[in-house]
Amino acid sequence: MNLIDFLRDPIIAISDWITNLFSNWGMATDWATFLLYLIGAAVLGISALLMTLFFIWAERKIIGRLQDRVGPNQIGPWGIFQSVADMVKIFIKEHIIPTGVDPIPYHLAPIVLVASVLMVWAIVPFSNTVYGSNLNVAVIFLLAVGGLGEVGVMMAGWGSNNKYALISAFRASAQMISYEVPMAIILLIPVLLSSSMSMNDIVNAQNIPYILVLPFGALIFFIASIAENGRAPFDLAEAESELVAGFNIEYSGLKFGMFYVADFLRAFTSALIFSTLFLGGWKGPGAEAIPVLGAFYLIAKSLIIWFLGVWIRGSFPRYRIDQMMNINWKFLTPISLVLFMLVILFSKLVEPVGQNMQYLVILIINLGLFFLSFRILNNQNKKKVVAEVGSRTRPVAKPDNLFSKDVSRG
Amino acid sequence: MLNQWLYIGIFVVISLALPAVAILLARILSPKKPNKIKNSAYECGMETYDKTWVQFRIQYYLYALVFLIFDVETVFLFPIAVAYNQATLFMVIEAIIFISILFGGFLYVWRKGALSWY
């Protein structure tokens, strides 16, 4: 094997080398496979966790710049080793365990939360040869693992013997389960277009990235994934001004660090899933011949999506909880159901014409529904403003309210 | 196929083990100097009173119920989506009727006010 072949696909080359090594040692094939998977899983998990260090630094830096601050700038060039220093610090901090906690959920919660984020990495195809697992029900696995995160949040809130943590956990889990509904419904459409639930097949079927076919669906998915991650503008669970700090208030030391890691890693993981489902995953010019390029494309696409999320986090004010619930239940959910119904009906009607025609019809449905729904939304907003201007409904404030019309006239 | 499940199994164990090992390591490395005041619940900075595991609002329960219905429905819809290319128009219309029944239920829940936050 020469260097060029190795550089073209290093991961597979290394795994082949390990397999050869094991067979030379005279190990049974089953054991060799098991050990290979063990090594692969450990490497993937650890590298995902270590990547978090970079993401924490980058996000703090970007948010700092967006808010006209410098961000971390002390340790290393541009403060790049800030999160390493933070990690070392948090490793040797004392674990304060408050009296009266419910020990099992309290200690298990950070582990479950991090695991729920990490598990998603098992099904992401990084290139056409390198993937964790080509599971044939990967999409359902994705939803199931998403549910595990809510269990972690509930455990943290319930276990920590703190009313604010409990309220925050209820809020967070209500938010997360709510936004899982439009997400799951939109997930159906890539599955339908590629007629497979495996991530590898979904990527392989994307000759055109699905974002060009269903832009509105991708937008709904993006909003839902931001909300599911509990990031601003949907960071109700961590509303510092109302809930002290959220469901992780009673945690300290590395247990708190794990919540932090889960939060930042989840942002990138959902960007990874988004770019796999809608942006063509590892696909790009020359990616099939040179698998390394595929992994590079995937990371680049996910970084763009992740940056978009950070940008939104730095720019938007927080929603009120009723507004957030209304966005989901009264806008995203019905609109995504309608989108799904229209897509399955019309693309079946034009199926004899060919696949390109199907894509065109789905695109038209998407754009039409986008403009229609925002039209409806705008009209409702106008109505709301008209209803609120007349202060007749608030008689208490009327007599001494300097700003109401009657007083200024008199 | 079994190999893929094996990988998932290994990965689940690894991803639970990694944070657990890290926390255990930190537990060993970190100082342990508990005292009574430090270990009291922080809550919001004030002294805590009354029971913590309080009753919470029925609203959360309603959301959870509606979510459950939708999630089960999506699980039913995934086979339809996978088999979509082989389905005839009649089957697609059946699927649409299935979704519309659910949509009707959704509108009923909406009218009943279960989806508005008081």
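Computed from a predicted model, the values in this text were never measured in an experiment.

K.L.:
So what about the overall build of chain A? Which residues, and what values?
P.N.:
Scanning chain A for helices and strands turns up 16 helices and zero strands. When the backbone C-alpha atoms are referred to their principal axes, chain A occupies close to 95 × 65 × 40 Å. Per-residue burial over chain A gives 48% buried out of 410 residues. Considering only residue pairs separated by 6 or more positions, chain A has 72% of its internal contacts joining residues 24 or more positions apart.

K.L.:
Before we move on, can you summarise the overall build of chain B with the specific residues and values?
P.N.:
Within chain B, the regular secondary structure consists of three helices and zero strands. When the helices and strands of chain B are listed from N to C terminus, the series reads α-α-α. The C-alpha radius of gyration computed for chain B amounts to 25 Å, which surpasses the reference 13 Å derived for 118 residues by more than 25%, pointing to a less compact arrangement than a globule. Seen through its principal axes, chain B has C-alpha atoms that stretch 70 × 50 × 15 Å. Evaluated residue by residue, chain B yields a buried proportion of 23% over its 118 residues.

K.L.:
Tell me what's going on with the packing of helix 10 (residues 215-229) of chain A against helix 12 (residues 253-278) of chain A, and back it up with residues and numbers.
P.N.:
All names here are of chain A. Put simply, helix 10 and helix 12 touch, their axes get as near as 10 Å, and they point 165° apart. Viewed along their axes, helix 10 and helix 12 adopt a mutual orientation that is roughly antiparallel. Between helix 10 and helix 12 lies a crossing whose hand is right-handed. Within the contact between the two elements, helix 10 uses Ala 218, Phe 221, Phe 222, Ser 225 and Asn 229 and helix 12 uses Arg 266, Ala 267, Ser 270, Phe 274 and Phe 278. Taken together, the residues of the contact of helix 10 with helix 12 break down into six nonpolar, three polar and one charged.

K.L.:
Requested: an account of the packing of helix 3 (residues 29-66) of chain A against helix 12 of chain A, with residues and values cited.
P.N.:
To describe two helices that pack against each other, one gives the angle between their axes and the distance between the axes. All names here are of chain A. Two elements in contact, helix 3 and helix 12, have axes separated by 9 Å at closest approach and are oriented at 90°. Put simply, helix 3 runs roughly perpendicular to helix 12. Counting all contacts with helix 3, which are made through Ala 48, Leu 49, Thr 52, Phe 55, Ile 56 and Glu 59, the residues of helix 12 involved are Val 261, Phe 264, Leu 265 and Phe 268. Tallied by class, the residues present in the contact of helix 3 with helix 12 amount to eight nonpolar, one polar and one charged.

K.L.:
Give a detailed account of unusual backbone geometry, specifying residues and quantitative values.
P.N.:
Residues and elements named next belong to chain A. Even without glycine at this site, Asp 68 takes up a positive phi of about 65°. The topology assignment puts Asp 68 in the loop between helix 3 and helix 4 (82-91). Even without being a glycine, Trp 78 presents a positive backbone phi close to 55°. Structurally, Trp 78 can be placed in the loop between helix 3 and helix 4. Exposure remark for Trp 78: the 14 C-beta atoms within 10 Å place this residue in the partly exposed category.

K.L.:
Go over the interface of chain B and chain A with me, naming the residues and quoting the values.
P.N.:
Taken residue by residue, the interface counts 56 residues in chain B and 68 residues in chain A. Of all the elements, helix 1 (residues 2-29) of chain B adds the most residues to the side of chain B that touches chain A, at 19 residues. Here the residues of the side of chain B that touches chain A are counted per class, giving 41 nonpolar, nine polar and six charged.

K.L.:
Account for the nonpolar core, naming residues and giving values.
P.N.:
Residue and element names in this part refer to chain A. Core analysis: the largest hydrophobic core is formed by 142 residues, its most contacted members being Val 114, Val 120, Ala 169 and Leu 188. The greatest single-element share of this core, amounting to 22 residues, is contributed by helix 7 (residues 163-194). Those residues within four positions of Val 120 in sequence are excluded, and the remaining contacts are Leu 142, Val 145, Thr 269 and Ile 273.

K.L.:
Run through the environment of Ala 227 of chain A, naming residues and quoting values.
P.N.:
All names here are of chain A. Relative to the helices and strands, Ala 227 resides in helix 10. With 25 C-beta atoms packed within 10 Å, Ala 227 lands in the buried category. Residues Ala 227 and Asn 381 lie 154 residues apart in sequence; the distance between their C-alpha atoms is 22 Å. Not counting chain neighbours up to four residues away, the residues in contact with Ala 227 comprise Gln 175, Tyr 179 and Phe 234.

K.L.:
So, helix 7 of chain A: which residues are in play, and what are the values?
P.N.:
Note: α-helices contain 3.6 residues per turn, so residues at a spacing of three or four share the same orientation. Residue and element names in this part refer to chain A. Taking 1.5 Å of rise per residue, 32 residues should cover 46 Å, and helix 7 covers 47 Å from first to last C-alpha, within 8% of that figure. In terms of residue burial, helix 7 counts as a mostly covered element, since 32 of its 32 residues are buried. Phi turns positive, to about 45°, at Ser 195, one or two residues after helix 7.

K.L.:
Could you give me a rundown of the confidence of the model for chain A, with the residues and numbers involved?
P.N.:
Model confidence for chain A is summarised by a mean pLDDT of 83, while 92% of its residues fall at 70 or above. The weakest mean pLDDT in chain A belongs to helix 16 (residues 405-409) of chain A at 45; the strongest belongs to helix 10 of chain A at 90.

K.L.:
Help me get a handle on helix 3 of chain A, residues and values and all.
P.N.:
Along its 38 residues, helix 3 of chain A runs 54 Å from first to last C-alpha, staying within 8% of the 56 Å computed at 1.5 Å per residue. Where helix 3 of chain A ends, the next residue or the one after it, Asp 68 of chain A, has phi of about 65°, a positive value.

K.L.:
Tell me about the environment of His 107 of chain A, and name the residues and values.
P.N.:
Inspection of the secondary structure assignment puts His 107 of chain A in helix 5 (residues 103-118). Sequence-wise, His 107 of chain A and Arg 320 of chain A are 213 residues apart; in three dimensions their C-alpha atoms are separated by 31 Å.

K.L.:
Summarise the environment of Thr 52 of chain B; cite the residues concerned and give the values.
P.N.:
Considering the arrangement of structural elements, one finds Thr 52 of chain B in the loop between helix 1 and helix 2 (58-82). Its 19 C-beta neighbours within 10 Å are what place Thr 52 of chain B among the partly exposed residues.

Conventions we followed
- Residues numbered from 1 in each chain as written.
- Chains lettered and ligands numbered in written order.
- Predicted model: local features only at pLDDT ≥ 70, side-chain atom pairs only at ≥ 80, totals over all residues.
- Helix = DSSP H or I, 4+ residues; strand = E, 2+ residues; numbered from the N terminus.
- Buried ≥ 20, exposed ≤ 12 C-beta atoms within 10 Å, placed from the backbone.
- Contact = placed C-beta atoms within 7 Å.
- Rg over C-alpha atoms; globule rule 2.2 N^0.38 Å.
- Axes fitted to C-alpha atoms, helices over the stretch in contact; angles between N-to-C directions.
- Parallel < 35°, antiparallel > 145°, perpendicular 65-115°, else oblique.
- Left-handed = near helix turned anticlockwise from the far one by under 90°.
- Nonpolar A, V, L, I, M, F, W, Y, C, P; charged D, E, K, R; others polar.
- Core = buried A, V, L, I, M, F, W, Y, C linked by C-beta atoms within 7 Å.
- Expected span 1.5 Å × (residues − 1).
- pLDDT = per-residue confidence, 0-100.

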